[in-house]
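Results of the structural survey
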Amino acid sequence: MLLLPASADIPPLPSPSPVTGRRLGALFFCYLAAAVALITLAPFQFARPTQFRVAWIVLDGGWATDVVLNVVLFAPLGLLWQRMTGARPLAVLGLALIAALAIEGAQLFLAPRYSTASDLVANGVGAWLGATLSEAAARRVDSTLLISRLWLDQPLMGLVWLLIPLAWLVGLSSASDPARLWLLVPIGAAAALGIAAVAVVTQPGVGRAEPGVVLPFAASLLWAAIAIVPSVRVAPWLALGAVATTGLVVMLGGRLWRLALQRERRLEPQVVRVLVPLLLLVLAGLSREGGSLDLRGGGEAAREGLLHLLAVFAAFTLLGYLVAESRGRRRESLGRAIIWPMTIALLVGALLRVVTMDVLATPQLLASGFAAGVGAVLYDAQRAHIIALLAGR
C-alpha cells in the first residue's frame with residue numbers, strides 16, 4: 001500500500017496530472033460513464049417504435065427530481081474530464097451535450113421511454129458544473145495538497161469515487177422496495193471515512209478549527225449531493241438520513257484516524273480494516289435479493305432487477321479495489337495483482353450464495369469475480385500514478 005508522506009513542506013502535486021494521472025482518470029471516467037450508460041439505457045429493449053416520442057420535460061410527473069438526477073449523473077464526468085484533460089468548462093459542456101444527444105437518441109428506440117429536452121440540458125449543465133468546480137478549485141487553492149489528493153492523487157480517494165455509482169444503483173433499483181435505501185447509510189459512512197482519512201494523512205497536525213476540517217466536511221456533502229440525493233425521490237427521509245450520516249461520520253472520522261495514527265504509523269491498513277466490514281454489510285444486504293438478468297417484457301420491473309444486479313457487481317468492484325489496496329506495497333504484474341481480488345470475491349460470492357439460498361447463480365458469481373478484477377485494475381493504475389508522483393515525473 002502506497003502512502004505519500006504527510007508534511008507541511010511537500011510541494012503541491014502536479015496539475016494537470018502526468019501521463020499516469022491521465023490514464024488513471026481515463027479508467028475512472030470510463031467506469032463512471034459505463035454506469036451512466038447502463039442507468040440511462042436499461043433494460044435495453046430496443047425496437048423500432050411506431051411513433052417517436054419527444055417532449056420538453058418528463059410528462060408522467062416528477063420532472064424536477066428527474067432534472068436533478070440528470071444533472072448529478074453528469075457532474076462527476078465533467079469534473080473528471082476537466083481534471084484529466086484541462087479542458088475549459090464550455091468545451092466540456094459541448095462534449096456532454098453531444099454525449100447526451102446520443103443517449104436521448106437511443107432512448108427513442110426504448111419502449112415505453114421517450115426523449116426530453118430537459119434531460120439533454122440537465123446532462124450538459126451537470127458536466128459544466130463539474131468542470132467549473134474542478135477548474136475553480138484547482139485555480140483558487142492550487143497550492144493546497146489536500147485539494148490535489150481529493151481528486152485521485154491518493155489511493156483512498158479511488159474508493160470514494162467508486163462508491164458513487166454504487167449509491168446511484170442502490171437508489172435507482174429501490175423504487176419498489178424503498179426500505180432497501182438503508183444500504184446508503186454504510187455506503188455514505190464508507191465515503192466519509194475515506195475522505196476523512198485523506199485529510200488526516202495530508203494534514204495530520206491540523207486542529208479542529210482549521211480548514212483541514214472544513215474542507216473534508218464540504219467534500220463529503222458534495223459527495224452526498226452527487227451520490228445520495230438522487231434517491232430522495234424514492235424515500236426522502238432515508239436518503240436524507242444517509243446524507244446526515246455522511247456529514248457526521250466525516251467529522252468523527254477525523255478524530256478516529258488521528259487516534260489511529262498514534263497506534264500505527266501507516267493509516268491506510270487501518271482504514272481498509274474498517275471499510276471491509278461496511279462493504280460486506282452492503283453486499284449482504286444486496287445479495288438478499290440478487291436482481292435479475294431476465295429482461296423479457298421490459299418495463300420498470302426488468303430495469304430495476306438489472307440495476308439491482310449491477311449494484312452487486314459495483315460492490316464487488318469495490319471489494320476488488322480494497323483487496324488490491326491491502327496488498328499495494330507488493331510489486332507484481334497486473335496478471336498476478338488481480339488473482340487475489342478475484343479469488344476472494346469468488347469466495348465471498350460463494351458464501352453469499354449459500355447464505356441467501358442460491359440467489360447468486362453461477363454466471364452471476366463469475367461476473368462478480370470479473371468485477372473484482374476490474375477493481376484490481378483500477379487500483380493498479382492508482383498505484384502506478386502514485387509511484388510516478390513520488391518519482392517527480
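Check the entry above for the structure.
An account of the accompanying structure is given in this report.

A few words on the overall build of the chain. A tally of regular secondary structure across the chain gives 14 helices and two strands. Per-residue burial over the chain gives 53% buried out of 393 residues. Considering only intrachain contacts with a sequence separation of at least 6, the fraction spanning at least 24 residues in the chain is 82%. Accessible area for the chain stands at about 17,200 Å²; split by element, carbon and sulfur atoms hold 69% of it.

Attention now moves to the nonpolar core. Leu-166 and Trp-223 are the most contacted members of the largest nonpolar core, which has 100 residues in total. Per-element tally for this core: the top contributor is helix α11 (residues 299–326), with 16 residues.

Relative to the elements of secondary structure, Ala-301 occurs in helix α11. Distance in space between the C-alpha atoms of Ala-301 and Ser-173 is 9.3 Å, their sequence separation being 128 residues.

On to the pattern of salt bridges, then. What the rule picks out here adds up to three salt bridges. The residue Arg-88 makes a salt bridge to Glu-135 at a minimum N-O spacing of 2.9 Å. With a gap of 47 residues between them, Arg-88 in the loop between α2 (63–85) and α3 (89–107) and Glu-135 in helix α4 (residues 117–140) connect regions that are remote in the sequence. Exposure remark for Glu-135: the relative accessible area of 14% places this residue in the buried category. Salt-bridge contacts for Asp-380 lead to Arg-383; the nearest nitrogen and oxygen are separated by 2.7 Å. Note that Asp-380 and Arg-383 are positioned in helix α14 (residues 362–391) at a spacing of three residues, about one turn of the helix. Classification of Asp-380 as buried rests on a relative accessible area of 14%.

Turning next to a nonpolar patch on the surface. On the surface, Leu-90, Val-121, Val-125, Trp-128 and Leu-129 cluster together to form a nonpolar patch covering roughly 450 Å² of accessible area. For the nonpolar patch, the leading source of residues is α4, giving four residues. On the secondary structure map, Val-125 appears in helix α4. Its relative accessible area of 33% is what places Val-125 among the partly exposed residues.

Under the criterion given, the structure shown has two aromatic pairs. Each ring, one from Phe-29 and one from Trp-81, has its centre 5.2 Å from the other, and the planes form 50 degrees; the classification is tilted. With Phe-29 in helix α1 (residues 19–41) and Trp-81 in helix α2, the pair connects residues that are 52 residues apart, well separated along the chain. You can call Phe-29 buried: its relative accessible area is 19%.

The next point concerns the side chain of Glu-304. Relative to the elements of secondary structure, Glu-304 occurs in helix α11. Buried and unpaired, Glu-304 has no salt bridge, with Arg-180 as the nearest side chain of opposite charge at 4.3 Å. Of note is the side chain of Glu-304, whose polar atom sits 2.3 Å from the side chain of Ser-176.

Right, let's talk about α1 for a bit. In a regular helix each residue adds 1.5 Å, so 23 residues correspond to 33 Å; α1 covers 32 Å between its end C-alpha atoms and thus fits that length. Residues of α1 that are buried include every one of Gly-21, Leu-24, Gly-25, Phe-28, Phe-29, Tyr-31, Leu-32, Ala-35, Val-36, Ile-39, Thr-40 and Leu-41, and no others.

This next bit is on α3. In this model α3 runs 26 Å from its N-terminal to its C-terminal C-alpha over 19 residues, within 8% of the 27 Å that 1.5 Å per residue would give. Among the residues of α3, those classed as buried are Pro-89, Val-92, Ala-96, Ala-100, Ile-103, Glu-104, Ala-106 and Gln-107. Buried positions in α3, seen along its axis, are confined to an arc of 150 degrees and lie on one side of it. Relative to its buried face, α3 has exposed residues pointing more than 90 degrees away, namely Leu-90, Ile-98, Leu-101 and Ala-102.

Looking now at the packing of helix α13 (residues 339–355) against α14. Where α13 contacts α14, the axes come no closer than 8 Å and their chain directions differ by 145 degrees. Handedness of the α13/α14 crossing: right-handed. Mapping the contact onto sequence places Pro-341, Met-342, Ala-345, Leu-346, Gly-349, Ala-350 and Arg-353 in α13 and Thr-362, Leu-365, Leu-366, Ser-368, Gly-369, Phe-370, Ala-372, Gly-373 and Ala-376 in α14. Considered class by class, the residues forming the contact of α13 with α14 number ten nonpolar, five polar and one charged.

Let us look at the side chain of Ser-174. Its place among the elements puts Ser-174 in the loop between α6 (155–172) and α7 (184–202). Residue classification places Ser-174 among the buried positions, given a relative accessible area of 0%. At 2.5 Å, the side chain of Ser-174 and the backbone oxygen of Val-170 are in polar contact. Excluding residues that lie within four positions of it along the chain, Ser-174 makes contacts with Arg-180, Leu-181, Val-234 and Glu-304.

Calculation criteria
- One numbering rule holds for all chains: residues counted from 1, following each sequence as written.
- Local features in this predicted model are restricted to residues of pLDDT 70 or higher, and side-chain atom pairs are both shown and tallied only at a pLDDT of 80 or more, whereas totals for entire chains, interfaces and linings draw on every residue.
- Each side-chain value is worked out from all heavy atoms of the structure, with water and hydrogens disregarded.
- Helix and strand definitions here come from DSSP, where helices need a minimum of 4 consecutive H or I residues and strands a minimum of 2 consecutive E residues; each element is numbered from the N-terminal end.
- Burial classes follow relative accessibility: with a 1.4 Å probe on protein chains only, a residue under 20% of its type's maximum area counts as buried, one over 50% as exposed, and anything between as partly exposed.
- When checking whether two residues touch, look at their non-hydrogen atoms; a contact exists if any pair is within 4.5 Å.
- Per-residue accessibility takes into account occlusion by the displayed protein chains alone, with areas from the Shrake-Rupley method and a 1.4 Å probe.
- To qualify as a nonpolar core, a set must consist of buried Ala, Val, Leu, Ile, Met, Phe, Trp, Tyr and Cys residues joined through side-chain atoms within 4.5 Å.
- Salt bridge, as used here: a side-chain nitrogen of Lys or Arg that lies within 4 Å of a carboxyl oxygen of Asp or Glu.
- Residues with no salt bridge and a relative accessible area higher than 30% make up the patches, which join like charges within 9 Å and nonpolar side chains (Val, Leu, Ile, Met, Phe, Trp, Tyr) within 5 Å.
- To pair, rings of Phe, Tyr and Trp, with the six-membered ring standing in for Trp, must have centres within 6.5 Å; the planes then decide the type, stacked if under 30 degrees apart, edge-to-face if over 60, and tilted in the middle.
- We score Asp and Glu as negative and Lys and Arg as positive, and we do not count His or the chain ends.
- Polar contact criterion, stated in full: a pair of N or O atoms within 3.5 Å, where within protein one must be able to donate a hydrogen and the other to accept it, and residues adjacent in sequence count only if both atoms are side-chain atoms.
- Multiplying one less than the number of residues by 1.5 Å gives the expected span of a helix.
- Here the arc refers to the directions that run from the helix axis out to each C-beta atom.
- Axes here refer to lines fitted to C-alpha atoms; in helices the fit is confined to the stretch in contact. Angles between the N-to-C directions go from 0 to 180 degrees.
- Working rule for handedness: look at the near helix, and if it is turned counterclockwise from the far one by less than a right angle, call the crossing left-handed; if clockwise, right-handed.
- For this scheme, ten residues count as nonpolar: Ala, Val, Leu, Ile, Met, Phe, Trp, Tyr, Cys and Pro. Four count as charged, namely Asp, Glu, Lys and Arg, and the remainder, Gly too, count as polar.

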